[in-house]
Structure formats: C-alpha cells, structure tokens
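Read off the chains here:
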Amino acid sequence: MTARLRPVSPPGGSHQLQQGAVMPRPERSLYPDLDPLHAFAQRLRDLRKAAGSPKYDAMARHTGRSSTALSEAAGGDRLPTWETVVAYVSYCRQDPNAYRMDWERVRDLRDGTLTPSQPADLSRVSNLPRRPASVFLGRRESLDTLQRLLEPGGQRVGVAVYGLGGVGKTELALQFVEGNRSRYAPVWWVTADTEENLTKGLAEFTRAVQPDWPASGSAGDAAAWALRWFTSHDDWLLVLDNVTEPGTVAATLAAVVRGRVIVTSRRELDWDALGLAPLRLDVLSRENSVTMLLKRSRRHGERAEVEQLAAELADLPLALTHAGAYLVERRHVTAAEYQRRLAAQPVAVLGVRALAHPADAPVTRTWLVTIEAMRADNPLSVALLDVMAYLAPDAVPVDVLRSAGADAIAVDDALAVAASYSLVTRRGSEVSVHRLVQTVIRAHHPASDHCAAAVELMLAALPPGDPETSVAFWPRWGQLVPHVETLAGLLSTLPNPRDDLVVRVAELFGPCAVYQRGQGRYSSALALLRQAADALVRILGPDHPDTVTAKYRLAGGLWSAGRYAEAMQMGVATWHARCRLLGPDHPDTLANASHVAVGYRETGRHDEALTLTASTLAAREKILGVTHPETLQSRNNLAGCYRALGKHDDALTVYESTLDDRRQVLGPNHPDTLQSQHNLAGGYLAVGRSEDAVNCYEATLASRTSVLGAEHPDTLHTKHLLAAAYQITGRTTDADALYEMTLRSRRRLLGPTHPDTRKTEAALAQARGTAADDPTSAGGKDHVHEAGHRREPL
C-alpha cells in the first residue's frame, strides 16, 4: 500500500543544471494514484512533455489563454475550466475530446453529483470520539426521552441536550449511539464549538463517505458537499458536540432535514426556534453519584468517605469520573486523603473564572502535581502551556509559539516534554492541549501577563496585507481565527485586565473580523468588531483615532450583516470625526468618505452619493495617484453612481477603463479586478448587451470560484446576478437552477433572514411565478455592485 504514496516528480528533476543555466521553477509533486485531480493534471503534464515541453508563455501567445491558467491546469491545485483544457491539449496537437470524460469525472466528484467508484459502506462510517463509559447511572429516563424525541415525524430535526458543563451531555449522546447503532447509518460526530471546527468535521465526513474526494479540495467545499449529502439521504445520525453559539450550527440545521441530529450544549436557549426539541440534563441524584464513585474507585469499604467526597464534587459526573480514576491509579490514597488534598490545593470549581469550562475545575486537583513535575523537567514547556491556555485547544501552529523568540529546537524539545506528560498532543506542525489542562493553568494565573503574551504572539503571527483580498494568506487566517475567537471569549473572564492589554487585543480583533466579514461570517465578525470598539471607547475615549477606526470597521460589519441604518449612522459619524481629527484629505478620511458614498448610493441618495464619490475620487487622484488601488476603487464606485442615476453609457465607459487599469495594477485574478469584471457585466446588461453580460458574468463566476471559492459571498453575488441575466435572455431553466443553488448556499452561509438570502429567495419565487414579498435591502432593489460585501480596504 505504501507504494501508492509515491509522488510523480517533474522529469529531469534530479539532473544538475549546467553552469550559468537558469533554474526553472519546479512543478508541484503529484499523487495521481490517490487523487483524481492529480491524475488529470499528470495527463496534461505528460502530454506537454511529449510535445517537447513548450514554455507556457509560448502556449499562451498561441492559444489566447493566460500562461497562469495554462500552468495551473497541470498544477493539481484546482480543476481548470474546459476552455483552458481545450487550449492546452490543442496546442499539444491532440484531440481535447479524449480528455473530456476524465475532466467531467473530476468535476462531478468535486461538486458531489457523482457516486464514488468505491462507495463507502455507510454502516461502517462512524467516528465516535471514544467508547461509552462502562459505568453509566441515573440516565435511563433521559435516554428514553432522547429516543422518543428522535423518532421520525414532526417539525423538529433533532434534540438539543443542554445543561451544566460536565453534567454528562456528551456521555448521554455516546450511550444513545451505542444502544442504537442498528437504527442509523452513518453516525457522524462533529465538535461544533466554532465555525471552523464545524467545517472541519463536515469536511472529514465527506472524505469518509466519498473516498475519491480530491485531497486538494478546500474544507469549505467539502463541508458544503456533506450538507448536500445529508439533504438527499435518510437514516443518518449527526452529533454536533459542544455547541456554544446557535448561529454556528443554524445553517447546518437548516440543511439537514432527512436524518436525525443531536446537539449538546451548555447553553439554555430557544432550541425550538432551531428545530430542536430541548432536553435538559441535571446533575445526578446523590444516591447515583455515590454509587458511580464507588464503582469507579472500587472503594466499597470507604462508603462514608465516598459520600462526603460526592457531596464536595456536587454530584457532577465529570468530576466524579476523574476522582474515581485518581483513586484507581493511586491505591495508597484513601477517599478521605483525596478530599484533604483537594482542600490543600487552592483551586475549586467555583473559584475558576472560565465561563467556557467552569465544570472542569475539579479535575485540576489531579493535574497540579504533574504540571509542577514538568516545570522542574523543562521550564519552557510550562511557559508554552501558560500561553496556550488562552488559545483554542486544538491546532495551535507551532510556528506561532516559536515567534516568542525562543530557539526552534528548544520549543520542539519543550513540546516533546509536555507530550510525554500527556498534556499536549503534537501532530506535525500543530499542537493541541486538552481544554481541562487549559482550565488548570488559567486558574493558577494571578494576573493577566500570560494572556498578554498570547496576544503578542497572535499579533506577531498576523499575515500582511488586506485580510479580505490577500487570498494567498487565507489559509493562515483560517489557522488563526479559532485562537482569536478563544481570546475574545476569555478576555471577559479575566479579573481586572490591564487597559494596555485590552487595547492590544482590540488591535488583534480588527483585522481578524475583517477577514471573517470577507468570508461571509458576519455574526462572528460583528461580535469581534463591537467588542473592540466598546473597549476602545471606554479606555481611549470616543475621539481617539484608534477608537474611530474601530467604529469605522464596526460600521462596515453592520452593513455586511444587513443593518444598513445603523451602519450609515456610524459611518457618517466616523467620517465627520476623521475630518476633524485627521483632515478631509487624509487617506483614512477618504476611505471613510468612499464607504459613506456607497451607503448613500445603496440607500437611494444618489445625488449625494455622486457628489461625495466624485470629490473623493478627485482627492485620491491628487494625493495617491490615478492608478492607486484606492483611487481605482473610487472610480469603480463612480461608475456605480452613474448607473444608479441611469447614465448607463457613462457607467460602462468607466467600468471598462477601471477594469483595464486594475488588470494592469493588481493582476487579472485580484478580488478587486474581479469586482470590476463583475460590475462590467452589470453595465453590459444595463445597455441591452445581454449576451455580453452573460459571458462576462460566466467568466467572473469561473474566476471567483477558482480564486475565492464556491461559497464565498462575492461568488454567490455573481451567481445571483448571472441567474438574473439568464432569466432576461430567456434561459429560464438555467436561471431557476442557479437561483436555487445560490439560495441554498446563502442560507447556509448567511442565514435565512439576511437581506441577500431574502433577495435570492424573492428572485427565485418571481422566476417561478409565485408570490413573494420584496426582500429587505439597502436600496429596495437588487444590488448591482458590491454593496453587501467588500467595498473598501479597511
């Protein structure tokens, strides 16, 4: 089996170059036996080699396709368009039709429409995190209720098991699965405490059910395929464990209606609104907790002491389980001695100020001695754990820890020591720490110094450039976002955090929220933006430039979330503040003014929008230059004003020139360039050039899908307007299908009430001839620009 893992390297890669020769850029190694996309790319490479290995620049000159598109066709990262394949193969003097079947197969595998050649046995698809506990008491009634609520029928898609942390919600779900394996296939378990973990878990399901899913596919696309699979199959069970915010799973619950779902959560919320039957789980009765601890510890001769210990542990199943394990592993320690040790260690359940995991505190008594022993062995290992206690428990990039200035080898040695004590797990370039260990460490920090160190590490790790448009750094942002979100949650639990720490955290929240907004995670972005703005108002005052910047970003987050009136009010206020503090021609003031002008346009104040956009453009041309990216953004916005005012010929002229300049300045695949291309299609449509509009929208959709991803908000925006163009040109079937696809994606990404979702819903209803209310939108009409998404580099 290991022989299949051999990559295919470029021919001649091991030969030395002659002196003075220019070393060509090596091509990526491929795994054609494992990945259909790689197999297709290898066919193209072999064809080019047989044709004499022509340079891609030469191929581009003769085919009309870009050299980038041709080289990426054989790169194995993404599936090329069919037009690119035709150009590639034709240049090499072969028949493209010989490649059509393989290309379509890879395409269908990636969009989930093709059944895998070796479909997984669904009865074997399961990923339970562990076996159920052998000692399980006092939950018969809860199990019966859970089984009754999961019976098919009714309006609910599943059950939300909620209650105090450590009360046994996860264990109840494990016991239910174990007793009902014959009823469900497959059974899939997903940790759903963050959007990123939810996406990761759904992506893993796709790769388990669909063995041929390309390894190079993004987690977002794989997760979307999983939801499509759930929508079209019956008799499965999905467990969403440790849900902390209902918004994280709302889109998933909206998509999964044919199987059953169990959600576990510490939150007592309106689960009925999400289609879930609520099931509260309380602590055990004293009788059951004593019996459980006796069975786990095997201390039947110490019943009186065990009863006292159960009372101190407040009948909490997790605490009882860990206390039992401690006594089993230390036979010389009596139950009374264990209770004395607990009293001697100044960490108690109620003393741990960690809202996310308050019930884990009893376990800290079992680990304090281990942590001290590790400190004596390698002090750096504890110092690293001190920092990791304030990050997400999973997938901490090791290079982030190294950025503290410690020697890389020393960091690796320290992590190895921590792993030897079973306090962390190292997997390649990432390290994970158990969340209970984090609770132990945070509980012993008298001040916020270690949290401050974690913040500085994260700030040092932030990628450069605009988080919304620097596509190359999106994978890095994906690594960092869960840790920033964890810091945000923990900050409010710190006792009297220093003001300078809060200010530094706000610096971290801003760019992270901008990235989240660009990805369509509007609720998460808005929470971070508001937390940062509120903190800076309190500490620096409302007129400090950093506070104004935070409120400006918050205005953008409000707009993206569809809260247009609030966004405009705050955007205008920050514009006036910047005029006063920085001057009217400062780049930040002009960026703010351009933002406000777009808001004027999208809310129907067209004359004001034109005046402000024109003045902003003139100032940017004078200060920044005519080809500066922000100047080009103002030109794009000016064309939008012309179009809103019905000056379609003028709009088209500006759209075309702006697109040409953006291609020259930013490149053909920059998100801003694709924004201009998208808007140019709308300009064509406005002057009656419908076929040109369709072609331009289709090209933009292909590029945005390739560059941004199929589920990116801008990609969905192009899909929506392409569907409208199809409808105008009489392609009603294509329009209907594309509207429906876009609606499903927007419901998953943005939620059912977002204005963009309602817009697509109304357009689909209109296309089908059914009645529908007008969607809530900024201007009461369809967005023809980027009103709901990126407009300015914040």
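Residues numbered from 1 in each chain as written. Predicted model: local features only at pLDDT ≥ 70, side-chain atom pairs only at ≥ 80, totals over all residues. Heavy atoms only, no water.

**Digging into the packing of helix α30 (residues 671-686) against helix α31 (residues 690-707)**
Note the following rule: Lines fitted to the C-alpha atoms define the axes, with helices restricted to the stretch that makes contact. Angles between their N-to-C directions range from 0 to 180 degrees. Only runs of H or I of at least four residues qualify as helices and only runs of E of at least two qualify as strands under DSSP, and these elements are numbered from the N terminus. We call two directions roughly parallel when the angle between them is under 35 degrees, roughly antiparallel when it is over 145, roughly perpendicular when it lies between 65 and 115, and oblique otherwise. Left-handed is the label given to a crossing in which the near helix is rotated counterclockwise from the far helix by less than a right angle, and right-handed is the label when the rotation is clockwise. When checking whether two residues touch, look at their non-hydrogen atoms; a contact exists if any pair is within 4.5 Å. Residue polarity is assigned by list, with Asp, Glu, Lys and Arg as charged and Ala, Val, Leu, Ile, Met, Phe, Trp, Tyr, Cys and Pro as nonpolar; anything else, Gly included, falls into the polar class.
At their nearest, the axes of α30 and α31 sit 8 Å apart, and the two run at 160 degrees to each other. One way to sum up the angle between α30 and α31 is to call them roughly antiparallel. Crossing of α30 over α31 shows left-handed handedness. Contacts from L674, Q675, Q677, H678, L680, A681, G682, Y684 and L685 of α30 reach α31 at S690, D692, A693, C696, Y697, A699, T700, S703, R704 and V707. The residue inventory of the contact of α30 with α31, partitioned by class, reads 10 nonpolar, 7 polar and 2 charged.

**Here we look at the nonpolar core**
Note the cut-off: Joining through side-chain atoms within 4.5 Å is the link that ties buried Ala, Val, Leu, Ile, Met, Phe, Trp, Tyr and Cys residues into a set, and such a set is a nonpolar core. Burial classification: accessible surface area is computed with a 1.4 Å probe over protein chains only, and a residue below 20% of its type maximum counts as buried, one above 50% as exposed, and the rest as partly exposed.
Of all hydrophobic cores here, the largest spans 110 residues; its most connected members are L401 and L487. If we skip the residues at most four places from it in the chain, L487 touches Y390, L391, C451, A454, V455, M458 and L508. Counting 42 residues, the second largest nonpolar core, distinct from the first, contains V167, W189, L281 and A335.

**Description of the sheet that holds strand β5 (residues 276-281)**
Definition in use: Only when DSSP finds a minimum of two bridges between them are two strands counted as paired.
One open sheet accounts for 5 strands, arranged β2-β3-β4-β1-β5; its pairing is parallel. Either end of the sheet is taken by a strand with one partner, and the two such strands are β2 (187-191) and β5. Direction aside, the axes of adjacent strands within the sheet are offset by 20 degrees on average. Pairing of β2 with strand β3 (residues 237-243), which is carried by 5 bridges, proceeds in the parallel orientation. Directly across from T191, in β3, lies its bridge partner D241. Strands in contact with helix α6 (residues 140-149) are β1 (158-163), β4 (260-265) and β5; relative to β5, the strand with the most contacts, it is inclined by about 175 degrees. Its contacts with the sheet place helix α7 (residues 169-179) against β1, β2, β3, β4 and β5, and it is angled at close to 155 degrees to β4.

**Structural notes on the pattern of salt bridges**
For side chains bearing opposite charge, pairing can occur when the charged atoms are close. Test applied: Take a side-chain nitrogen of Lys or Arg and a carboxyl oxygen of Asp or Glu: if they are within 4 Å of each other, that pair is a salt bridge.
Taken as a whole, this structure holds 36 salt bridges when the rule is applied. Salt-bridge contacts for R601 lead to E602; the nearest nitrogen and oxygen are separated by 3.0 Å. For E602, a relative accessible area of 7% corresponds to the buried category. One continuous salt-bridge network, built from bridges that share partners, spans D736, E740, R744 and R768.

**Things to note about the sheet that holds strand β7 (residues 424-427)**
An order of β6-β8-β7 is seen for the 3 strands of this open sheet, with the pairing classed as antiparallel. Each edge of the open sheet carries a strand with a single partner, namely β6 (396-397) and β7. The strands touched by helix α16 (residues 379-388) within the sheet are β6, β7 and β8 (430-433), with β8 carrying the most contacts at an inclination of about 80 degrees.

**Description of helix α20 (residues 449-461)**
We count it as follows: A helix is expected to reach a length of 1.5 Å times the quantity of its residues less one.
Its 13 residues give α20 an end-to-end C-alpha distance of 19 Å, which sits within 8% of 18 Å, the value for a rise of 1.5 Å per residue. Buried within α20 we find C451, A452, A454, V455, L457, M458, L459 and A461. On the buried face of α20, the contacting elements are α16, α17 (398-402), α21 (474-491) and α22 (499-518).

**Brief notes about the side chain of T574**
Cut-off, in case you're wondering: Any pair of nitrogen or oxygen atoms within 3.5 Å is treated as a polar contact; in protein, a donor-acceptor pairing is required on top of that, and neighbouring residues in sequence qualify only through side-chain atoms on both sides.
Examined against the element boundaries, T574 turns out to sit in helix α25 (residues 564-581). Side-chain polar atoms of T574 contact the side chain of N592, separated by 2.8 Å.

**Concerning the environment of R228**
With respect to the helices, strands and loops of the structure, R228 is situated in helix α9 (residues 219-232). For R228, a relative accessible area of 29% translates into the label partly exposed. Each C-alpha atom of the pair R228 and A255 lies 7.6 Å from the other, and the pair is 27 residues apart in sequence.

**Considerations on the environment of D692**
Examined against the element boundaries, D692 turns out to sit in helix α31. For D692, a relative accessible area of 33% translates into the label partly exposed. Separated by 12 residues in the primary sequence, D692 and L680 place their C-alpha atoms 9.6 Å from one another.

**Examining unusual backbone geometry**
Going from A185 to P186, the amide bond is cis rather than trans, its omega being 0 degrees. Tracing the backbone shows P186 in the loop between α7 and β2. Of note in the backbone geometry, S53 takes a positive phi value of approximately 50 degrees without being a glycine. Examined against the element boundaries, S53 turns out to sit in the loop between α1 (36-50) and α2 (56-63). A relative accessible area of 39% places S53 in the partly exposed class. Although it is not a glycine, D235 sits at a positive phi angle of roughly 65 degrees. For D235, the location among the structural elements is in the loop between α9 and β3.

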